[in-house]
Amino acid sequence: MNNEPFLSIVPNGSPVAAHERARLLENPGFGRVFTDHMVTIRWTPEKGWHAGQVAARAPFQIDPANAVLHYAQEIFEGMKAYRTQDGTITLFRPQENARRFAQSAERMAMPPLPEDLFLQAVEALVRIDSDWIPEGDGSLYLRPFMFASETFLGVRPASEYIFCVIACPVGPYFKGGKKPIKVWVSDAYTRAAPGGTGTAKCGGNYAASLIAQAEATRQGCDQVVFLDATERRWIEELGGMNIFFVMDDGSMITPPLGTILPGITRASIITLAAAEGISVIETPYSFDQWRTDATSGRLRETFACGTAAVIAGIGEVRYSNGSFVIGSGEDGPLTVRLREQLVGIQRGIVPDKFEWLHPIT
Ligand code: PLP
Ligand code: COI
């Protein structure tokens, strides 16, 4: 791409008033409060990516025969902008989100958005809506997504797409804040099969997970743990997070890539652990072994990780025939240390020795 700005900027003429924004930022929750603008870029076979703009956040007008409403050709990303200690605004490893978005597009037979355009779009939205980045522990959650926008009911890859980025100020993902979470192991439902879409961040994966998530909520749990689709034996990931196990010899286990989402937090934790001399084994770990090891004490800690959740200790595991507690039921020391390091880097408190931060100027 040349260096011409691809996005035209049309500022929102009636943004949320400053006092109202301040009120909303006090306790934004997760995913309910949105900023003043959005980015849109369209794609057609004739024009490629075109009509890029940053403009007032507004509803789309969608024909009832729009392909995405019927066949769910849709992908998304989740990333955050942070205000660091010295006031700089920064993204965390956004190139990884750009790359994963292109890989998701490929799996879903969608045109990949050039990675530099993805970054330009995200940066432009953060810049124009920077007043919406909360102070303190909060951050600005960014949601780039792309959907088929052709009006056509035939089943084939669509010939029109819209890429969009919206943003919302967020606090902790879980209502309990940093308290350990409870998880429900689903034996009735699986999330992704070999050859399926587990490695893509597509809406359909989440649609398929909701019945199990609803079951988890009914069982008093925060998240669902999915087992593999073939043997119903191996732990894969949570509805919206990857998972790590800390053993009594100080090593960690995490499920291998293949049918799970290749989390950017997961990859970062593996790097952080390696730098501390902790060995992380990417290997299948069964639900039965998890229960046995938690009971015998061989397993010390378990935590979930992802952009929205950051690092969340798992205190209790429930399943159809019982439950067990991990360690003392509180966050373990490695869970706490890795969270402090990761959040510390994101906030500019801990030196960014892996060059993960991407300041926005
Ligand atoms: N697994 C699933 C199913 C997710 O939805 C997420 C969240 O994005 C993750 C794992 C963690 O990925 P990341 O660390 O890139 O946010
Ligand atoms: C994220 O962590 O960004 C996700 O997309 C997962 C969802 C639980 C919000």
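These numbers were taken from a predicted model, which means no experiment stands behind them.

Draft legend 1. Looking closely at the site of ligand 2. Within the structure, ligand 2 sits among Phe76, Gly78, Tyr141, Arg143, Tyr173, Lys201, Gly240, Thr307 and Ala308. One nitrogen or oxygen atom from the main chain of Ala308 is found 2.9 Å from an oxygen atom belonging to ligand 2. Notes on ligand 2: free accessible area 280 Å², of which the protein chains cover 89%. Along the lines of polarity and charge, the residues of the shell around ligand 2 split into 4 nonpolar, 3 polar and 2 charged.

Draft legend 2. A look at the state of the cysteines. Taken as a whole, this structure holds 0 disulfides when the rule is applied. For the unlinked cysteine Cys168, the closest cysteine sulfur is that of Cys164, found at 12 Å. Residue class for Cys168 comes out buried when judged on its relative accessible area of 5%. You can see Cys202 has no disulfide; the closest cysteine sulfur is in Cys164, sitting 18 Å from it. A residue is classified by how much of its surface remains accessible, and Cys202, at 2% relative accessible area, is buried.

Draft legend 3. Region of the structure containing the domain arrangement of the chain. By domain assignment, the chain separates into domain 1 (8-170) and domain 2 (181-346). For domain 1 and domain 2, the distance between their C-alpha centres works out to 27 Å. Facing 20 residues of domain 1, the contacting portion of domain 2 comprises 20 residues. Taken together, both faces of the contact between domain 1 and domain 2 bury some 1600 Å²; the carbon and sulfur share is 62%. Counting the surface domain 1 buries against domain 2, the share from its top three residues, Phe76, Phe92 and Arg100, is 36%. The tally of links between domain 1 and domain 2 comes to 0 salt bridges. In this assembly, domain 1 and domain 2 are joined by 10 residue pairs in polar contact (both at pLDDT 80 or more).

Draft legend 4. View of helix H8 (residues 333-346). The first and last C-alpha atoms of H8 sit 20 Å apart over 14 residues, in line with the 20 Å expected at 1.5 Å per residue. Those residues of H8 lying buried are Leu334, Thr335, Leu338, Arg339, Leu342, Gly344, Ile345 and Gln346. Of the residues one or two after H8, Gly348 is the one with positive phi, at around 75°.

Draft legend 5. Representation of the packing of helix H3 (residues 94-107) against helix H4 (residues 115-128). Following both chains from N to C, one finds H3 and H4 inclined at 125°, their axes separated by 9 Å at the closest point. As far as their axial angle goes, H4 and H3 are oblique. Note on packing geometry: the crossing formed by H3 with H4 is right-handed. The residues of H4 that touch H3, namely those facing Pro94, Gln95, Asn97, Ala98, Arg99, Phe101 and Ala102, are Glu115, Phe118 and Leu119. Among the residues forming the contact of H3 with H4, the class breakdown is 6 nonpolar, 2 polar and 2 charged.

Cut-offs and rules
Residues numbered from 1 in each chain as written. Chains lettered and ligands numbered in written order. Predicted model: local features only at pLDDT ≥ 70, side-chain atom pairs only at ≥ 80, totals over all residues. Heavy atoms only, no water. Near = heavy atom within 4 Å. Polar contact = N/O pair within 3.5 Å; in protein donor to acceptor, adjacent residues only side chain to side chain. Areas by Shrake-Rupley, 256 points an atom, 1.4 Å probe, with all protein chains shown as cover. Nonpolar A, V, L, I, M, F, W, Y, C, P; charged D, E, K, R; others polar. Disulfide = S-S within 2.5 Å. Buried < 20%, exposed > 50% of the residue type's maximum accessible area, 1.4 Å probe, protein only. Domains from an automatic or database assignment. Contact = heavy atoms within 4.5 Å. Buried area = accessible area lost by both parts, 1.4 Å probe. Salt bridge = Lys/Arg side-chain N within 4 Å of Asp/Glu carboxyl O. Helix = DSSP H or I, 4+ residues; strand = E, 2+ residues; numbered from the N terminus. Expected span 1.5 Å × (residues − 1). Axes fitted to C-alpha atoms, helices over the stretch in contact; angles between N-to-C directions. Parallel < 35°, antiparallel > 145°, perpendicular 65-115°, else oblique. Left-handed = near helix turned anticlockwise from the far one by under 90°.

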